[in-house]
Amino acid sequence: MLSTQPLRGKTALITGGAKRLGRASALALAEAGADIAITFRNSAREARETLVDISALGVRAVALGCDVTEEKSVKEAVREAVKELGGLDILVNNAANYETVEFEEITVKQWDAIFASNARSPFLVSRAALKHLRQRKGKIINMGSLGGILPWTTHAHYCSSKAAAHMLTRVMAKALAPEIAVNAVAPGMIDLGEKAAKPFFRRMAKQTPMKRNGTGEEIAAAVRFFATAPHFITGQILVVDGGLSL
Ligand SMILES: NC(=O)c1ccc[n+]([C@@H]2O[C@H](COP(=O)([O-])OP(=O)(O)OC[C@H]3O[C@@H](n4cnc5c(N)ncnc54)[C@H](OP(=O)(O)O)[C@@H]3O)[C@@H](O)[C@H]2O)c1
């Protein structure tokens, strides 16, 4: 019989895990039995709420302040997570930023900021966690995006940064084998209930073969899949988009 808690005895660090998709992934891995560390930058209140909800699932939970664009802050957060949880089996590089800007209006500052959080941070956090993940024959799961595959004209910096995160996934899968398996989840249109985005999501649902947008739980299920998958699955980008990219 398959265990309902395949991650019992394992530990997971989820960056940007206080709310939205990061929170959903943290809860999914906790439900699967893993002890959890989440990082937050501005969302301290949401991080506390998420900690309460994770703890209610009967696993250990810790929340750590961290700016994933800062090498020193990343090293401290990883060190603290390992100290609190006693080791690291799974890293989910979830923290990122999204921004809509016309191509000719993107500033150097905007370009660099998006690359720092979306492409450089998964590298920085993974590198800081390497030693610990190697010890446990662990896993890295990067959050990519449909925007890393399709060219969205008002998101040149975001799309390019997520394409970089996809390639980083493939490079790390090869470079860090055989100890560490590295994969990415690339969400499509995920409706997290923002009121202002309702008309946009209605339009997107019509264009999507599955005739709806995705949910946070569906993305978290893909993260859980990689977290519990055989180690032989590595270097893969799993697009979760209801067929929108087809
Ligand atoms: N939502 C979607 O439809 C969608 C679609 C495609 C891909 N994705 C990807 O899936 C992941 C999660 O999506 P989401 O919409 O839930 O993300 P989000 O709300 O835009 O961001 C997640 C978290 O990232 C953290 N973060 C941003 N910059 C940071 C920094 N410099 N240092 C530390 N933390 C930082 C924020 O933490 P604080 O709030 O604590 O500051 C934020 O809560 C992201 O990688 C995103 O690109 C999402």
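Residue indices follow the written sequence of each chain, beginning from 1 at its first position. The predicted origin of the model limits local features to residues at a pLDDT of at least 70 and limits the giving and counting of side-chain atom pairs to 80 or more, whereas totals for whole chains, interfaces and linings rest on all residues. Note that the side-chain values use all heavy atoms of the structure and ignore hydrogens as well as water.

A. Quick peek at empty space enclosed by the protein. A cavity here means a set of 1 Å grid points, computed over protein atoms only, where a 1.4 Å probe fits but cannot escape. A pocket is an open set with protein on both sides within 12 Å along at least 5 of 7 lines, and lining residues have an atom within 4 Å of a point. Grid points are joined across faces, edges and corners, and a volume is the space filled by probe spheres set on the points. Considering all chains together, one arrives at 1 cavity of 30 Å³ or more under this definition. Here the largest cavity defines a volume of roughly 40 Å³. If you trace the largest cavity, you find it lined by Asn93, Ala95, Ala96, Asn118, Pro122, Asn142, Met143, Lys162 and Ala165. Going through the elements one at a time, helix H4 (108-135), strand S5 (139-143) and helix H5 (156-175) are the ones with two or more residues in the lining of the largest cavity. Grouping the amino acids of the lining of the largest cavity by side-chain chemistry returns 5 nonpolar, 3 polar and 1 charged. Under the scheme used here, helices are H or I runs from DSSP no shorter than 4 residues and strands are E runs no shorter than 2 residues, and both carry numbers assigned from the N terminus. Side-chain classes are defined by residue name, with Ala, Val, Leu, Ile, Met, Phe, Trp, Tyr, Cys and Pro counting as nonpolar, Asp, Glu, Lys and Arg as charged, and the others, Gly among them, as polar.

B. Representation of the site of the ligand in the model. A single heavy atom is enough: if one lies within 4 Å of a molecule or strand, its residue is considered near that molecule or strand. Near the ligand lie 25 residues; those nearest to it are Arg20, Arg41, Asn42, Ser43 and Asn94. Between an oxygen atom of the ligand and a side-chain N or O atom of lysine 162, the distance comes to 2.9 Å. In these tables, accessible area is a Shrake-Rupley quantity obtained with a 1.4 Å probe, and a residue counts as shielded only by the protein chains included in the view. Relative to its free-state accessible area of 880 Å², the ligand is covered by the protein chains to the extent of 90%. Assessed atom by atom at 2 Å from the grid points, the ligand resides in the largest pocket. Counting residues per element, the ones that place at least two in the shell around the ligand are helix H1 (20-31) and H5. Definition of a polar contact: a pair of N or O atoms within 3.5 Å, with one able to donate and the other able to accept a hydrogen when the atoms are protein atoms, and with sequence-neighbouring residues admitted only if both atoms are side-chain atoms. For a cavity or pocket, the test is whether more than half of a molecule's atoms lie within 2 Å of its grid points; if they do, the molecule sits there.

C. Up close: the environment of phenylalanine 115. Note on placement: phenylalanine 115 falls in helix H4. Only protein chains enter the area calculation, which uses a 1.4 Å probe; residues under 20% of their type maximum are buried, those over 50% are exposed, and those in between are partly exposed. Relative accessible area serves as the criterion here: at 23%, phenylalanine 115 is assigned to the partly exposed category. Along the sequence, phenylalanine 115 and glycine 16 sit 99 residues apart, while their C-alpha atoms lie 16 Å from each other. Throughout, a contact is declared for two residues whenever any of their heavy atoms are within 4.5 Å. Excluding residues that lie within four positions of it along the chain, phenylalanine 115 makes contacts with Arg120, His157, Ser160, Ser161 and Ala164.

D. Structural context of the packing of helix H3 (residues 71-85) against H4. Two elements in contact, H3 and H4, have axes whose closest approach is 9 Å; the angle formed by their N-to-C orientations is 35°. In this structure, H3 crosses over H4, and the sense of that crossing is right-handed. Facing Glu71, Val74, Lys75, Val78 and Val82 of H3, the residues of H4 in contact are Leu124, Val125, Arg127, Ala128, Ala129 and His132. For the contact of H3 with H4, the class distribution of residues is 7 nonpolar, 1 polar and 3 charged. The axes used here are C-alpha line fits, helices contributing only the stretch in contact, and every angle between their N-to-C directions lies in the interval 0 to 180 degrees. With the far helix as reference, a near helix turned anticlockwise by less than a right angle produces a left-handed crossing, and one turned clockwise produces a right-handed crossing.

E. Geometry of a positive patch on the surface. Where like charges cluster on the molecular surface, the positive patch consists of Lys195, Lys198, Arg202 and Lys206. Structurally, lysine 206 is set in helix H6 (residues 198-207). Here lysine 206 falls in the exposed class, since its relative accessible area comes to 65%. Like charges are joined within 9 Å and nonpolar side chains (Val, Leu, Ile, Met, Phe, Trp, Tyr) within 5 Å, but only among residues with over 30% relative accessible area and no salt bridge; these make up the patches. Note on definitions: salt bridges are taken to be side-chain nitrogens of Lys or Arg within 4 Å of carboxyl oxygens of Asp or Glu. For the charge count, each Lys or Arg is scored as positive and each Asp or Glu as negative, with His and the chain ends excluded. For this purpose, a charge sits on NZ of Lys, CZ of Arg, CG of Asp or CD of Glu.

F. Molecular detail of the nonpolar core. Put simply, buried Ala, Val, Leu, Ile, Met, Phe, Trp, Tyr and Cys residues joined by side-chain atoms within 4.5 Å make one nonpolar core. Ranked by internal contacts, the top residues of the largest apolar core, which has 28 residues, are Ile14, Leu29, Ile36, Ile54, Ile90, Ile141 and Val185. Within the residue set of this core, elements represented by two or more residues are strand S1 (11-14), H1, strand S2 (35-40), helix H2 (44-55), strand S4 (90-93), S5 and helix H7 (216-228). Residue contacts for valine 185: discarding those within four places in its chain leaves Ile141, Asn142, Met143, Gly144, Ser145, Ile219, Ala222, Val223, Phe226, Leu238 and Val240. Leu13, Ala81, Leu133 and Val182 belong to the second largest nonpolar core, which has 27 residues in total.

G. Quick look at the layout of surface pockets. Of the volumes computed, that of the largest pocket is approximately 1,200 Å³. What lines the largest pocket is a set of 38 residues, and nearest its centre among them are Arg20, Leu21, Ala96, Asn97 and Tyr98. Sorting the residues of the lining of the largest pocket by element identifies H1, S2, H5 and H6 as the ones contributing at least two each. Sorting elements by how many residues they give to the lining of the largest pocket places H1 first, with 3 residues. Residues that form the lining of the largest pocket fall into these classes: 18 nonpolar, 14 polar and 6 charged. Each pocket or cavity is described by its volume, and for the second largest pocket that value is around 160 Å³. Around the second largest pocket, the lining comprises 13 residues; the ones closest to its centre are Asn213, Gly214, Glu218, Asp241 and Gly242. Along the lines of polarity and charge, the residues of the lining of the second largest pocket split into 5 nonpolar, 5 polar and 3 charged.

H. Up close: the sheet that holds strand S7 (residues 237-240). Taken together, 7 strands build an open sheet; the order of strands is S3-S2-S1-S4-S5-S6-S7 and the sheet is parallel. Only two strands of the sheet have a single partner each, and these edge strands are strand S3 (61-65) and S7. For this sheet, the mean inter-axis angle between neighbouring strands, taken without regard to orientation, is 15°. Being paired, for any two strands, means DSSP has found at least two bridges between them. Two strands pair when backbone bridges link them, and S1 and S2 are joined in this way by 4 bridges, in the parallel orientation. From the neighbouring strand, leucine 13 faces S2, where its bridge partner is alanine 37. The sheet contacts of H4 involve S4 and S5, and relative to S4 the element is tilted by about 175°. On the sheet, H7 packs against S4, S5, strand S6 (181-187) and S7 and is oriented at approximately 155° with respect to S5.

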